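# Structural characterization, general
Spelled out, the chains give:
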Amino acid sequence: MKKDFLLTSECARELYHNCAAKLPIVDYHNHLSVADIASDRRFENISQLWIQVDPYKHRAMRILGVSEKYITGDASDYEKFKAWYGCLPRLAGNALFDWSMMEFDKVFDIELHPFTKSAEQVWTEANDKLKDLTATKILEKFDIAYCAPCASLVEDLSLFNKGKGICPSLRGDDIVGVNRSFVKKLEQCIGIEIDSLEVFEKAIQKRLEAFVEAGCKYSDHALDDGFDYVQDDASGSGNVRDTGKNEERFQAVLRGESLSEKDSVCLSSHILKTLAGLYARNGFTMQLHIGAKRSTSTRLREIAGPAGGYAAIGRCVNVKALTDMLDDIEKGEYGLPKTLLFALNPADNAVMSILSGSYSKDGVEAIVSQGPAWWWCDHYQGMWEMLDKLSVYGVMSTFVGMTTDSRSLLSFVRHDYFRRVLCQWIGEKVGKGVLPDDYEILADIVTNMCYRNAAKTIEAL
């Protein structure tokens with residue numbers, strides 16, 4: 001890759017090379033295999049590392065008409081690599097093109113573009129270099145201060161290594177969408193019988209203590225397309241321990257019964273509000289990933305599983321549901337945890353940015369703030385649009401930084417990609433007179449946005 005890739009102004013180049021490029025990485029949300037890291041996995045070939053676990057690539061291959069045999073089917077690893085490599089020249093303009101060039105340059109010191117090498121040549125060269133690379137050695141190619149793969153509340157945490165900054169990020173969707181099977185697993189984790197909603201909540205806190213010990217500082221929840229929130233409809237005088245109808249709903253769950261849609265939303269709303277209070281109590285930052293439409297192709301779901309790269313962008317956020325929820329959480333015993341709002345629908349960028357000024361906590365910067373451009377939006381245009389909105393509707397210097405949200409060990413190049421986009425965005429604004437041409441001010445903002453703000457959330461480690 002060219003040294004000044006994406007950097008077209010002197011200001012952008014100075015900020016990137018003298019500041020952004022030198023900062024460590026805090027990656028607070030990803031889906032890396034902890035087993036691969038803990039076992040220091042040695043990959044058999046480049047296809048297993050580069051293509052097998054990356055639904056972004058699978059999606060692009062389907063768009064280009066590649067047979068599923070060469071994506072998730074029974075073709076050999078080399079055949080799958082050859083199919084993907086053949087797609088790359090057609091992907092110019094898509095972030096996958098840039099990321100692929102950056103991944104090979106950073107980790108293998110191999111230049112893919114201008115594709116003068118055959119698939120067989122690249123396969124051989126990359127596999128030869130893989131002989132000296134394991135999962136941990138790949139991670140060492142990046143200056144990673146903190147890496148947080150997702151983990152369920154009932155997941156074994158023994159594989160995480162707090163000493164090396166590999167800490168869990170709590171994935172809380174199975175808690176909110178509680179069922180009998182999950183309750184049984186939680187009982188096994190903590191060794192007590194859960195026979196009421198109150199005991200369930202105490203069990204969650206008990207398990208959260210193990211996450212705190214493992215270095216967890218973040219949680220996340222998916223508020224998918226159609227997300228709704230209802231305030232408690234508990235009976236009685238409104239006492240905080242009077243769970244009323246939600247206790248009845250929870251008892252139905254314990255019996256293995258299916259709840260109506262209305263009862264399910266009521267119970268999940270109560271649990272999410274309770275969880276948020278526990279996050280605040282334990283010093284977690286809560287991430288809310290908003291707007292994914294996950295049910296599209298039944299055919300692809302059956303072929304590729306629930307995370308197979310076929311999800312879509314849903315409707316705009318239900319602002320009333322979101323603000324009602326944040327308001328209820330803020331009124332709770334522990335107040336709001338630090339909260340990041342990830343907008344999948346670009347039309348929600350202004351909504352998310354402006355909410356940073358709708359809630360506050362004394363002494364805390366941006367208790368609610370917009371998260372980075374996410375999923376289908378973590379490309380040049382998506383990042384640019386997010387920065388445009390964040391800078392005018394919020395305060396961009398409080399931004400908590402980029403994260404990969406990826407299953408691939410190679411995806412940490414996305415931090416470098418974001419840093420280049422950010423510096424280019426600032427450089428253009430300086431050229432137009434929108435931002436001050438003052439290196440000290442701008443470098444401080446870049447440091448905050450690329451590292452320092454995220455580091456503050458884990459500084460107690």
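These figures come from a predicted structure and were not determined experimentally.

### What about the pairing of strand β5 (residues 285-290)?
In terms of burial, β5 is a largely internal element, six of the six residues being buried. Of the two faces of β5, the one holding Thr 285, Gln 287 and His 289 and the one holding Met 286, Leu 288 and Ile 290 are both buried throughout.

### Quick word on the sheet that holds strand β2 (residues 144-152)
Strand pairing in a sheet takes place through backbone hydrogen bonds and is either antiparallel or parallel in direction. Spatially, the seven strands line up as an open sheet ordered β1-β2-β3-β4-β5-β8-β9, and their pairing is parallel. Every interior strand has two partners, whereas the edge strands, β1 (25-30) and β9 (368-370), have only one. On average, each strand axis in the sheet is tilted by 20° relative to the strand beside it, whichever way the strands run. Where β1 lies against β2, four bridges are found, and the strand directions are parallel. Looking across to β2, one finds that Ile 25 is bridged to Ile 144. With respect to the sheet, helix α19 (residues 439-458) is in contact with β1, β2, β4 (218-223), β5 and β8 (338-343), its orientation differing from that of β1 by roughly 65°.

### Regarding unusual backbone geometry
With an omega dihedral of 20°, the bond running from His 113 to Pro 114 counts as a cis peptide bond. Turning to its location among the elements, Pro 114 is positioned in the loop between α6 (95-108) and α7 (119-130). Unlike most non-glycine residues, Phe 115 shows phi in positive territory, near 60°. Inspection of the secondary structure assignment puts Phe 115 in the loop between α6 and α7.

### With respect to the nonpolar core
Counting residues in hydrophobic clusters, the biggest one holds 152 residues, and the most contacted among them are Phe 200 and Leu 322. Non-local contacts of Leu 322, meaning those with residues more than four positions away in its chain, are made with Leu 223, Phe 227, Leu 288, Ile 290, Val 317, Leu 341, Met 352 and Leu 355.

### Some thoughts on the packing of helix α11 (residues 197-213) against helix α13 (residues 261-282)
Interhelical geometry of α11 versus α13 gives an angle of 40° and a closest axis separation of 11 Å. Relative to α13, the element α11 is oriented oblique. α11 and α13 meet at a crossing whose hand is right-handed. On α13, the residues that touch Leu 197, Phe 200, Glu 201, Ile 204, Gln 205, Leu 208 and Val 212 of α11 are Leu 267, His 270, Ile 271, Thr 274, Leu 275, Leu 278, Arg 281 and Asn 282. Across the contact of α11 with α13, the residue classes break down as nine nonpolar, four polar and two charged.

### Details of the side chain of Gln 424
Mapping Gln 424 onto the fold places it in helix α18 (residues 413-431). Residue class for Gln 424 comes out buried when judged on its relative accessible area of 7%. Side chain to side chain, Gln 424 and Thr 8 meet in a polar contact 2.6 Å long. When near neighbours in sequence (up to four residues on either side) are disregarded, Gln 424 contacts Leu 6, Leu 7, Thr 8, Ser 9, Ala 12, Tyr 380 and Trp 384.

### A few points about the pairing of β4
Most of β4 is tucked away, with six of its six residues classed as buried. Going residue by residue along β4, you find Tyr 218, Asp 220 and Ala 222 tucked away on one face and Ser 219, His 221 and Leu 223 tucked away on the opposite face as well. Taken together, the two bridges between strand β3 (residues 169-171) and β4 define a ladder with parallel strand orientation. Paired with Arg 171 across the bridge in β4 is Asp 220. The pairing of β4 with β5 spans six bridges and is classified as parallel. Across the sheet, residue Leu 223 finds its bridge partner in β5, namely Ile 290.

Scoring rules and cut-offs
Residues numbered from 1 in each chain as written. Predicted model: local features only at pLDDT ≥ 70, side-chain atom pairs only at ≥ 80, totals over all residues. Heavy atoms only, no water. Buried < 20%, exposed > 50% of the residue type's maximum accessible area, 1.4 Å probe, protein only. Helix = DSSP H or I, 4+ residues; strand = E, 2+ residues; numbered from the N terminus. Pairing = 2+ DSSP bridges. Axes fitted to C-alpha atoms, helices over the stretch in contact; angles between N-to-C directions. Contact = heavy atoms within 4.5 Å. Core = buried A, V, L, I, M, F, W, Y, C linked by side-chain atoms within 4.5 Å. Parallel < 35°, antiparallel > 145°, perpendicular 65-115°, else oblique. Left-handed = near helix turned anticlockwise from the far one by under 90°. Nonpolar A, V, L, I, M, F, W, Y, C, P; charged D, E, K, R; others polar. Polar contact = N/O pair within 3.5 Å; in protein donor to acceptor, adjacent residues only side chain to side chain.

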